[in-house]
Amino acid sequence: MKPLEINIEKIARLAEQREDENYRFRVFLKGQEDDKIDIMVHKMDKEIRSQIDCKECGNCCIHLHPSVTDEEIETLSRLDHHTPIEYVAKNIVNDNSENMKYLKDTPCKYLHDKKCSIYLERPEDCKSYPHTQNDHFIHRTYSMIDNYGICPIVFNLFEQLKMELKFKK
Ligand code: SF4
Ligand code: SF4
């Protein structure tokens with residue numbers, strides 16, 4: 001395996017430069033077998049994660065708005081010593097078209113020194129990010145392209161997949 005790229009400034013720059021290429025790769029992936037790609041992705045994901053320390057990165061917590069359920073809002077408001085109503089008014093943004101709620105601030109207010117200060121009680125969306133361990137990768141490539149310039153796991157996974165599938169850049 002090639003050495004991993006973990007420089008987040010470089011990754012953000014390459015994401016801009018490779019936007020067209022990544023959309024072409026997305027179309028290419030659509031023509032592949034779902035199961036076969038999942039097997040490859042899960043194997044690569046495991047190898048890449050074993051070499052990347054999220055505690056030294058925290059870039060997703062700087063740029064993204066994780067979704068939160070009503071139950072999670074109750075937990076977070078308790079941690080912040082607010083009522084859920086006060087908590088929502090200060091910290092939550094609604095997407096009514098999707099009926100979803102998200103943490104409002106970027107960087108996330110719970111991020112301190114690249115680490116999550118509520119790690120054990122962080123929302124499920126944070127726990128499962130960058131979602132590369134989930135099935136049906138080829139049906140989630142839009143969000144992977146969005147995350148390619150943010151998360152080194154996604155960046156390296158996409159690049160290794162291009163190489164293994166002999167995708168013409
Ligand atoms: S709650 Fe924690 S893991 Fe989630 S975005 Fe905020 S700092 Fe990151
Ligand atoms: S999930 Fe990705 S962006 Fe978030 S801390 Fe880990 S490597 Fe960095």
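Details of the structure are given in the entry above.
Heads up: these notes are all about the structure in this document. The residue numbers shown here count from 1 along each chain, following its written sequence. By the order in which they are written, chains take letters starting at A while ligands take numbers starting at 1. The predicted nature of this model means local features are confined to residues of pLDDT at least 70 and side-chain atom pairs, given and counted, to a pLDDT of 80 or more, with totals for whole chains, interfaces and linings taken over all residues. Hydrogens and water are ignored here; the side-chain numbers use all heavy atoms of the structure.

## Regarding the overall build of the protein chain
Operational definition: Counting from the N terminus, the helices are DSSP H or I runs at least four residues long and the strands are E runs at least two residues long. What sets the accessible areas is the Shrake-Rupley method with a 1.4 Å probe; for residues, cover comes only from the shown protein chains.
For the protein chain, the helix and strand inventory stands at nine helices and four strands. Mapped from its N terminus to its C terminus, the protein chain presents α and β elements in the order α-α-α-α-α-α-β-β-β-β-α-α-α. Reported as C-alpha extents along the three principal axes, the dimensions of the protein chain are approximately 55 × 35 × 25 Å. Counting only carbon and sulfur atoms, one obtains 52% of the accessible surface of the protein chain, whose full area is about 10,400 Å².

## Regarding helix α3 (residues 34-49)
Rules: Between the first and last residue of a helix there are one fewer steps than residues, each counted as 1.5 Å, and that sum is the expected span. Classification of residues uses two cut-offs on accessible area relative to the type maximum, computed with a 1.4 Å probe and protein chains only: under 20% is buried, over 50% is exposed, and between them is partly exposed. Comment: arc refers to directions from the helix axis out to C-beta atoms. Note on contacts: a residue pair qualifies if any of its non-hydrogen atoms lie within 4.5 Å across the two residues.
The end-to-end C-alpha distance of α3 is 22 Å, a good match for the 22 Å that 16 residues give at a rise of 1.5 Å each. Buried within α3 are the following residues: Asp34, Ile37, Asp38, Met40, Val41, Met44, Asp45 and Ile48. Down the axis of α3, the buried set is contained in an arc of 165°. They therefore lie on one face. Of the residues in α3, the exposed ones pointing more than 90 degrees away from the buried face are Asp35, Ile39, Lys43 and Lys46. Looking at the buried positions of α3, the neighbouring elements they touch are α2 (19-30) and α9 (152-164).

## A closer look at the site of ligand 1
Inclusion rule: The cutoff for a nearby residue is simple: one of its non-hydrogen atoms must lie within 4 Å of the molecule or strand. Throughout, the ten residues Ala, Val, Leu, Ile, Met, Phe, Trp, Tyr, Cys and Pro are labelled nonpolar, Asp, Glu, Lys and Arg are labelled charged, and all others, Gly among them, are labelled polar.
In the region of ligand 1, the neighbouring residues are Cys61, Pro66, Cys108, Tyr110, Leu111, Cys116, Ile118, Arg122, Pro123 and Cys126. For the shell around ligand 1, the per-class residue count stands at nine nonpolar, no polar and one charged.

## Details of the pattern of salt bridges
This is how it is decided: By convention in these notes, a salt bridge is any Lys or Arg side-chain nitrogen within 4 Å of a carboxyl oxygen on Asp or Glu.
All chains considered together, the criterion is met by eleven salt bridges. The shortest N-O distance in the salt bridge between aspartate 45 and arginine 49 comes to 3.0 Å. With aspartate 45 and arginine 49 both in helix α3 and four residues apart, the pair spans about one turn of that helix. For aspartate 45, a relative accessible area of 4% puts it in the buried group. What makes arginine 49 partly exposed here is its relative accessible area of 28%. Between aspartate 53 and lysine 55 there is a salt bridge whose closest N-O contact spans 3.5 Å. Overlapping salt bridges bring together Arg18, Glu21, Glu159 and Lys162 as one network.

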